[in-house]
Amino acid sequence: MNQGMLREGALQGKTIIVTGGGTGLGKSMSRYFLQLGANVTICSRRQNVLDEAAKELMDETGRSDGSGQVLALACDVRNPQEIENVIAETVNRFGRIDGLLNNSAGNFISPTERLSYKAFDVIVDIVLRGTYYFTLAVGKHWIENQIKGTVLNISTTYAQTGSGYVVPSAVAKGGALIMTKSLAAEWGKYGIRLNAIAPGPFPTKGAWDRLFPEPLMKLMDPTSRIPLKRVGEHQELANLAAYLLSDFSGFVTGECITIDGGEVLMAGEFNHLEQVSSEMWDVIEQTIKQANRASKS
Ligand SMILES: CCCCCCC/C=C/C(=O)SCCNC(=O)CCNC(=O)[C@H](O)C(C)(C)COP(=O)(O)OP(=O)(O)OC[C@H]1O[C@@H](n2cnc3c(N)ncnc32)[C@H](O)[C@@H]1OP(=O)(O)O
Ligand SMILES: NC(=O)C1=CN([C@@H]2O[C@H](COP(=O)(O)OP(=O)(O)OC[C@H]3O[C@@H](n4cnc5c(N)ncnc54)[C@H](OP(=O)(O)O)[C@@H]3O)[C@@H](O)[C@H]2O)C=CC1
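Residues numbered from 1 in each chain as written. Chains lettered and ligands numbered in written order. Predicted model: local features only at pLDDT ≥ 70, side-chain atom pairs only at ≥ 80, totals over all residues. Heavy atoms only, no water.

Going by the annotation in an unreviewed UniProt entry, the name recorded for the protein is Peroxisomal trans-2-enoyl-CoA reductase, with Nibrella saemangeumensis given as the source organism. The heading Function (unreviewed entry) in the UniProt record of the protein holds the text "Participates in chain elongation of fatty acids. Catalyzes the reduction of trans-2-enoyl-CoAs of varying chain lengths from 6:1 to 16:1, having maximum activity with 10:1 CoA. Has no 2,4-dienoyl-CoA reductase activity." Recorded in UniProt for the protein, the comment headed Subunit (unreviewed entry) runs: "Interacts with PEX5, probably required to target it into peroxisomes." (UniProt positions renumbered as here; feature names shortened; annotations may be inferred.)

Okay, here's the thing in structure tokens:
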């Protein structure tokens, strides 16, 4: 599904900050917000990557009515001063902030016992600390200025189930998800909403290089465990993100919506039986029926 879901101008008049908006899923979601008329500040550590992305996005989506503009600002989400600068510069340029998309992340697969303290810290600091620093800074701004803003956090399905080999990421995404729900309860009185999305596999260079490096890629087909037998399309995620940042979701808060083609359902005890052939099912059926009969005699 490569089609946008919301009507033209659905985000007109809104300004959204997207962390990690210069690459991968952050860039795809930013593109759709711009198409819907929002102004978007993209931020991450590498100014050159952001500048290139901003140019590409404006070339693709550029509007002449003053809406749908991009601001590209370098910011390490682990640094509160740099976050406050993004907020000040965004208000300065666009006049307001309506939405925050916490999308920046770091991750790599590794047996946990091979990790150094620093390796653990580097992931938790980007994903958990970065998310709560940015949310706190924008939340304070909204409360002081009586703005009913919306936060959307990009989570993972294993934030709820846990997962080996990505333990720092699971710890950090799990913490950020609990923060989403906790603050949704606490800040609801200010009209501030917080939600999360848990995506399954959506191909990006950032994720694939670190989660499916060679020689693993040859061994693993990421679609094999997915009931719908495919990976996600960026527009499918962008549609959900735009909805959750728009006024159409005004009564939705504290939710985490999974978009994974059913991958998490494969934890079900017997789902691996999809490998059993029709002929083998004939034999199994007869064997079970025989056991049923035997238990009655
Ligand atoms: C694909 C299927 C979908 C399933 C769901 C997936 C859910 C989540 C996905 C994601 O989050 S994908 C996003 C991936 N994108 C990124 O990670 C982009 C940003 N990443 C980075 O900037 C870097 O990769 C990093 C995470 C900051 C690490 O970079 P770098 O190695 O340059 O940092 P350093 O500060 O030099 O090193 C820190 C520390 O970490 C150790 N380390 C690094 N890689 C490994 C590894 N593969 N195994 C073990 N340890 C590693 C490194 O040695 C350093 O520790 P010390 O040696 O100094 O103690
Ligand atoms: N792709 C997938 O299948 C899935 C992705 N996700 C989540 O989606 C989000 C986007 O991932 P994806 O697009 O795949 O990967 P990318 O690697 O493209 O995105 C990660 C972004 O985070 C930015 N970033 C990293 N560290 C920092 C930092 N310290 N401060 C600010 N920005 C930082 C990077 O930019 P820079 O290096 O310039 O700082 C980059 O733009 C992440 O939250 C990820 O966990 C979740 C499930 C599945």
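A. Expanded view of the site of ligand 2. Every one of the 27 residues lining ligand 2 counts as a neighbour, but Thr23, Arg45, Asn103, Ser104 and Thr204 are closest to it. Separating an oxygen atom of ligand 2 from a side-chain N or O atom of Arg45 is a distance of 2.7 Å. Between ligand 2 and Ser104 there is a distance of 2.8 Å, counted from a nitrogen atom to a side-chain nitrogen or oxygen. Expressed as a share of its isolated accessible area of 870 Å², the protein-covered part of ligand 2 is 90%. For the shell around ligand 2, the elements supplying multiple residues, two or more each, are helix 1 (24–35) and helix 7 (205–211). Top element by residues in the shell around ligand 2 is helix 7. It accounts for 3 residues. (Near = heavy atom within 4 Å. Polar contact = N/O pair within 3.5 Å; in protein donor to acceptor, adjacent residues only side chain to side chain. Areas by Shrake-Rupley, 256 points an atom, 1.4 Å probe, with all protein chains shown as cover. Helix = DSSP H or I, 4+ residues; strand = E, 2+ residues; numbered from the N terminus.)

B. Region of interest: the site of ligand 1. Close to ligand 1 lie 21 residues; Arg45, Gly106, Asn107, Ser116 and Arg210 are nearest. The side chain of Ser116 places a nitrogen or oxygen atom 2.6 Å from an oxygen atom of ligand 1. Within the residue set of the shell around ligand 1, elements represented by two or more residues are helix 4 (117–144) and helix 7. It is helix 7 that provides the largest number of residues to the shell around ligand 1, a total of 5 residues. When grouped by side-chain class, the residues that make up the shell around ligand 1 number 12 nonpolar, 6 polar and 3 charged. (Nonpolar A, V, L, I, M, F, W, Y, C, P; charged D, E, K, R; others polar.)

C. Summary view of helix 4. For helix 4, built from 28 residues, the straight-helix expectation of 40 Å at 1.5 Å per residue is met to within 8% by its first-to-last C-alpha distance of 38 Å. If you look at helix 4, its biggest bend is around 40°, right at Asp125. Looking one or two residues beyond helix 4, the residue adopting positive phi is Gln146, at roughly 50°. (Expected span 1.5 Å × (residues − 1). Bend = angle between axes of the 7 residues up to and from the residue.)

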